[in-house]
Amino acid sequence: MRINQRIGGRSRYATAIALVAAAALTLTGCARDTGGGGGAQAGECERVAPPSVPAASAQPAPEAPKADASRLKVGLAYDIGGRGDASFNDAAAAGLDRAVAELGLQKANTREATAQAGESEDAGTNRLRQLAQGGFNPIVAVGFNYATGVKTVATEFPNIQFAIVDDDTVDLPNVKPLVFAEEQGSFLVGAAAALKTSTCKVGFIGGVDNPLIQKFDAGYEQGAKAVAPQIDVESAYISPAGDFTGFNDATRATEIASGQYDGGADIAFAAAGQSNQGVFAAAQTAQKKAIGVDSDQYNSPQLTQVRDTIMTSMIKRVDVAVYDYINAVAGNTVAQLPARFDLANNGVGYSTSGGQVDDIVPQLEAYKAAIIAGQIQVKSTK
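Residues numbered from 1 in each chain as written. Predicted model: local features only at pLDDT ≥ 70, side-chain atom pairs only at ≥ 80, totals over all residues. Heavy atoms only, no water.

Q: It is not clear to me how the packing of helix 2 (residues 88-102) against helix 9 (residues 318-331) should be interpreted in this structure. Could you clarify?
A: A pair of packed helices is captured by two measures, namely the crossing angle of their axes and the spacing between those axes. Look at helix 2 against helix 9: their axes get within 7 Å of each other, and the N-to-C directions meet at 40°. Classed by the angle they form, the pair helix 2 and helix 9 counts as oblique. Seen from above, helix 2 lies across helix 9 with right-handed handedness. Every residue of helix 9 that contacts helix 2 at F88, A91, A92, A94, G95, L96, R98, A99 and E102 is listed here: V318, D319, V322, Y323 and I326. The residue makeup of the contact of helix 2 with helix 9, split by class, is ten nonpolar, one polar and three charged. (Axes fitted to C-alpha atoms, helices over the stretch in contact; angles between N-to-C directions. Helix = DSSP H or I, 4+ residues; strand = E, 2+ residues; numbered from the N terminus. Parallel < 35°, antiparallel > 145°, perpendicular 65-115°, else oblique. Left-handed = near helix turned anticlockwise from the far one by under 90°. Contact = heavy atoms within 4.5 Å. Nonpolar A, V, L, I, M, F, W, Y, C, P; charged D, E, K, R; others polar.)

Q: Is there a simple way to think about the nonpolar core in this case?
A: Across soluble globular proteins, you tend to see nonpolar side chains buried next to one another. F216, Y220, I231, F269 and I326 are the most contacted members of the largest nonpolar core, which totals 74 residues. A per-element tally of this core places helix 9 first, with nine residues. Residues contacting F269, with those up to four places away along its chain left out, are S186, V189, G203, F204, I205, F216, Y220, I291, G292, V293 and M314. (Core = buried A, V, L, I, M, F, W, Y, C linked by side-chain atoms within 4.5 Å. Buried < 20%, exposed > 50% of the residue type's maximum accessible area, 1.4 Å probe, protein only.)

Q: I tried to follow the sheet that holds strand 5 (residues 175-178) on my own but got confused; where do I start?
A: Each strand in a sheet pairs with another by means of backbone hydrogen bonds, the pair being arranged parallel or else antiparallel. An order of 2-1-3-4-5 is seen for the five strands of this open sheet, with the pairing classed as parallel. Each end of this open sheet is capped by a strand with a single partner; those strands are strand 2 (110-114) and strand 5. On average, each strand axis in the sheet is inclined to that of its neighbour by 15°, with strand direction left out of account. Across four bridges, the pairing between strand 4 (residues 162-165) and strand 5 is parallel. When the sheet's bridge partners are listed, A163 is paired in strand 5 with K176. In the packing of helix 2 onto the sheet, the strands contacted are strand 1 (74-78), strand 2, strand 3 (139-142) and strand 4, and the crossing angle to strand 1 comes to about 170°. Along the sheet, helix 3 (residues 121-133) contacts strand 1, strand 2 and strand 3; its crossing angle with strand 1, the most-contacted strand, is approximately 170°. (Pairing = 2+ DSSP bridges.)

Q: Would you take a moment to explain the pattern of salt bridges for this structure?
A: Pairs can form between side chains of opposite charge whenever their charged atoms are close. For the coordinates displayed, the defined rule picks out 20 salt bridges. In this structure, R127 engages E119 in a salt bridge whose closest nitrogen and oxygen atoms are separated by 2.6 Å. Since its relative accessible area comes to 11%, R127 is described here as buried. We note a salt bridge from E234 to K201, for which the minimum N-O separation is 3.7 Å. Residue E234 is found in strand 7 (residues 232-239), and its partner K201 is found in strand 6 (residues 201-208); the two are separated by 33 residues along the sequence. Relative accessible area serves as the criterion here: at 30%, E234 is assigned to the partly exposed category. (Salt bridge = Lys/Arg side-chain N within 4 Å of Asp/Glu carboxyl O.)

Q: Mind showing me how you'd approach the layout of surface pockets here?
A: A water-sized probe, rolled over the atoms, reveals where empty space remains. Taken as a whole, the largest pocket holds about 720 Å³ of empty space. Lining the largest pocket are 36 residues, and of these D79, I80, N145, F244 and F247 sit closest to its centre. Listed by contribution, the elements that provide at least two residues to the lining of the largest pocket are helix 2, helix 3, helix 6 (211-227) and strand 9 (289-294). With four residues, helix 3 is the largest single contributor of residues to the lining of the largest pocket. For the lining of the largest pocket, the class distribution of residues is 14 nonpolar, 13 polar and nine charged. In terms of lining, the second largest pocket is formed by 22 residues, of which the most central are P62, E63, A64, D324 and L337. Ranked by the residues each element gives to the lining of the second largest pocket, the list is headed by helix 9, at six residues. A per-class count over the lining of the second largest pocket returns eleven nonpolar, six polar and five charged. (1 Å grid on protein atoms, 1.4 Å probe; cavity = no way out; pocket = protein on both sides within 12 Å on 5 of 7 lines; lining within 4 Å. Points joined across faces, edges and corners; volume = space filled by probe spheres on them.)

Take a look at the structure:
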């Protein structure tokens, strides 16, 4: 099952783009005077018209045919938090579950293992080695922290196929990187924030100040400023590079988010793993809005009490990547997988659960189409 409904199918593109011209009339020159702490014009936030792209030039790639995975034994090594984290790992788990449901993969032939907070790098390597020794093939490592372990164990077991999410540094013939254009999906939720803000000031809260999370930050700011060039985007990180506690520190996330809301931001995008829960709690207290990440966090059972604060989520479809990889191994088509999962192959996107962005979907789809068509180039750094 995909985490969220597929926004932007062929008919949806045509409808959305046809509506853009009308939407542009209401957006161009629109300004709101809220009197709150906001952008450079004391709350005024002039929006520009969204792009116009022919529907035929912005079609997403078709899905690959389904292969028979009934003979595979699939191992998943999760990052800290594992299945049930309402974010990154849950997305990977959804991809495995979909393979069981649709490809004939036997649940009894799967094994899931989870990293523990504070464990050594050797622990991750041993986890992968145990899966390999258990005859699991392929093995999916969820997270860049497994890079050293994947390189070591894939060298030891050259006949076993490995995939690693969020890392492309392991150059071995039996290792497939599953990496994403996070900046593209983040651009769309940045555009959503700019279309919805009443203060012309929005926030970004990253888990760890490293190149991966900086891609979310960069895309978000580009999307916001594409819609409202004068918008104020405040960015903060929970922990510095090399300190991964920022992905599991909801208390600190609440403090940072509360500061941004108190400072005039009315929407904050959280790309912080389990720490997102602290941002959502702060949004609920301040009666503001937040944007989730990785999974459709509005629909996460663990977040039911705060879901009304979640305006949308930047969907990083780790589920699609994991499912597509298992399907490709089963069909012997791994070489045909995309080098990067992006908007064109449904690897990233945004959610509409809760209906809070339904009114701006035509504008968001216009920006999405422009990115797919190459009319907008989203940078991965600021």
